[in-house]
Amino acid sequence: MNVFKWSAGALVVCAMSAGAASAQYGYGQPTPASPDRDYTSYFAQDEPQASPSDRPVEEAPEASAGGAANGAAAAGGNGAVAYGCDGACGGGCASCCALSCPEENPWRLFPCGLGCGVNIYGWASAGYTANFSDPADNFNGPVTFNDRADEGQLNQLYLVMEKEIDNGGCGWDLGGRVDLLYGTDHRFTTSNGLEDNWNEDSRFYGVAMPQLYAEVAYNDLSVKLGHFYTIIGYEVVPATGNFFYSHAYTMQYGEPFTHTGALASYAYSDTTTVYGGFDRGWDNWEDNNDDLSFLGGFSWDGGNGTTLAISGTAGEEPSAISDADDRFLYSVVYSNELTDRWTYVFQHDNGHQDNGAGAGQDAEWYGINQYLFYKINCCWTFGVRGEWFRDDDGVRVTGLGEGNAIEGESFVGNFYELTAGLNYKPNDNFVFRPELRYDWYDGAADPDTGDLPYDDGTDDDQLTAAFDVIFLY
């Protein structure tokens, strides 16, 4: 890795965050054990599990800020987001006033669940992205999830059925969870040997099953068996677990989405939870080799809204020349509630793949994400995200989707994005997320076509304005 370039990129991102009050999604997430974070403290999990993606994404992103790492506990369980316009304080400097927002109590389609402690809930998320470059292919270059330019998308029609483990740290308990997702987002959470067999004739819309697992708990130890969201990173697949409509390059191109295997979480103390397990690798239902990968890490809650999560994975993954070459990735997510209104999140990832760029040519990718969130009142929250992602060998970032002008192309260089947005929650069931995003690229054009990442391969930057609406049921 070129240390000078890495350091220069880090300085740029830090300067950008300082000047634009940027910050990562950690806007208020619980612990890495839940896919539904509350942007305030991503690692403040409901239960000591291993995967921020596993949270019970029942609630839409709240206006808190923070979230320590996407990966530390893949459990389900939405942190309650306190909203309600009566929580705003009037007169004087609003930022000097402490917020006191009512506890959320969203309407549910199945308020009583299915009995025996089994809950059923979900949400719908739909949005629109305007691209000021007006690309002819109607793709926002390498930007994913809200990847369609000047076109509406039903991103997620999501359904969760789960029985959470709840033994109070003593004795035995059994649980489990299944998630079903219909919409355009299914394309970005597809697992080898599963959804790729379901949606062969579908271009944009289809079905995914990102989670299907059983869970057993004994005292402070719990083990998840099956198919589950990763514990790595900060942003997650469920729309209700993120502050922004769009996603960071780091999440899409630098990290796995799901794993199939076994993952244990152990509450070592009141502040620390440790995770560890083995699985079939990145986004695999059926492995393309017979080697297991390791997944693990820990999350720490220092109190007062300060959390730290460090997670990683190592194993044999496909490279440019083989189905089984060593791949390693680690992620660090730090979240700090600076005040009851301000939350800051920092994330750093670094990945390495043997023979990733060809025989004897290893590949590396790394970057820094920063988020800053400000609770204006109980209904409105403002957030900024600044990101630098380095595709050091041109093997990670590309155009995804049939008809994308840069599909399969290679870009060796630095990807930057600065996103500013709002979350508006008029009641406990609706969230409106508008945002303005600027992307730019500093690096080489594709060596075969001479294309750049944006505007049908003709430009090195783009400006987009987008919004989506989330309805919980």
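It should be emphasised that the depicted structure is a prediction, and the values quoted were computed from it without experimental measurement.

Caption draft 1: Geometry of the overall build of the protein. Counting secondary structure elements, the protein contains three helices and 16 strands. For the protein, contacts bridging at least 24 residues in sequence account for 65% of all contacts bridging at least 6. When the accessible surface of the protein is summed, it comes to about 16,600 Å², and 58% of that surface belongs to carbon and sulfur atoms.

Caption draft 2: Spotlight on the confidence of the model for the protein. Of the residues in the protein, 79% reach a pLDDT of 70 or more, and the chain-wide mean stands at 84. Note that pLDDT drops below 50 for residues 1–95; the model gives that stretch 523 contacts with residues more than four away or on any other chain.

Caption draft 3: Spotlight on the pattern of salt bridges. Evaluated as defined, the whole model comprises 12 salt bridges. The partner of K425 in a salt bridge is E104, and the shortest N-O contact between them spans 2.0 Å. Separated by 321 residues along the polypeptide, K425 in the loop between β14 (413–424) and β15 (430–443) and E104 in the loop between α1 (3–20) and β1 (119–131) bring together distant segments of the chain. Here K425 matches E104 in class, with each residue buried.

Caption draft 4: Seen up close, the packing of aromatic side chains. Throughout the structure, instances matching the rule amount to 28 aromatic pairs. Measuring from centroid to centroid gives 5.0 Å for Y234 and Y371, while their planes differ by 50 degrees, and the two rings are tilted. Remark: Y371 occurs in strand β12 (residues 363–375) and Y234 occurs in the loop between β5 (221–229) and α3 (249–254); sequence separation between them is 137 residues. Judged by relative accessible area, which is 0%, Y234 ranks as buried. A ring pair is formed by F430 and F471, whose centres lie 4.9 Å apart and whose planes are at 40 degrees; its orientation type is tilted. Of the two residues, F430 is situated in strand β15 and F471 in strand β16 (residues 461–472); the sequence distance between them amounts to 41 residues. One aromatic cluster in this structure is built from Y234, F243, F244, Y371 and F373. In this structure, R148 packs its charged tip against the face of F139, placed 4.5 Å from the ring centre.

Caption draft 5: Quick peek at unusual backbone geometry. Despite not being glycine, D134 shows a phi value in the positive range, around 50 degrees. Position of D134 among the secondary structure elements: in the loop between β1 and β2 (151–163). Residues other than glycine seldom take positive phi values, yet D456 does so here, at roughly 60 degrees. Assignment of secondary structure puts D456 in the loop between β15 and β16.

Caption draft 6: Up close: the pairing of strand β6 (residues 258–267). Bridge analysis of β5 against β6 gives nine bridges, and the strand direction is antiparallel. Within β6, the residue paired with F228 across the bridge is H259. Looking at chain direction, β6 and strand β7 (residues 272–279) are connected through seven bridges and run antiparallel. For A267, the partnering residue across the bridge sits in β7 and is T273. Counting the residues in the hairpin turn of β6 and β7 gives four residues.

About the criteria used
Residues numbered from 1 in each chain as written. Predicted model: local features only at pLDDT ≥ 70, side-chain atom pairs only at ≥ 80, totals over all residues. Heavy atoms only, no water. Helix = DSSP H or I, 4+ residues; strand = E, 2+ residues; numbered from the N terminus. Contact = heavy atoms within 4.5 Å. Areas by Shrake-Rupley, 256 points an atom, 1.4 Å probe, with all protein chains shown as cover. pLDDT = per-residue confidence, 0-100. Salt bridge = Lys/Arg side-chain N within 4 Å of Asp/Glu carboxyl O. Buried < 20%, exposed > 50% of the residue type's maximum accessible area, 1.4 Å probe, protein only. Phe/Tyr/Trp six-rings, centres within 6.5 Å; stacked < 30°, edge-to-face > 60°. Lys NZ or Arg CZ within 6 Å of the ring centre and 35° of its normal. Pairing = 2+ DSSP bridges.

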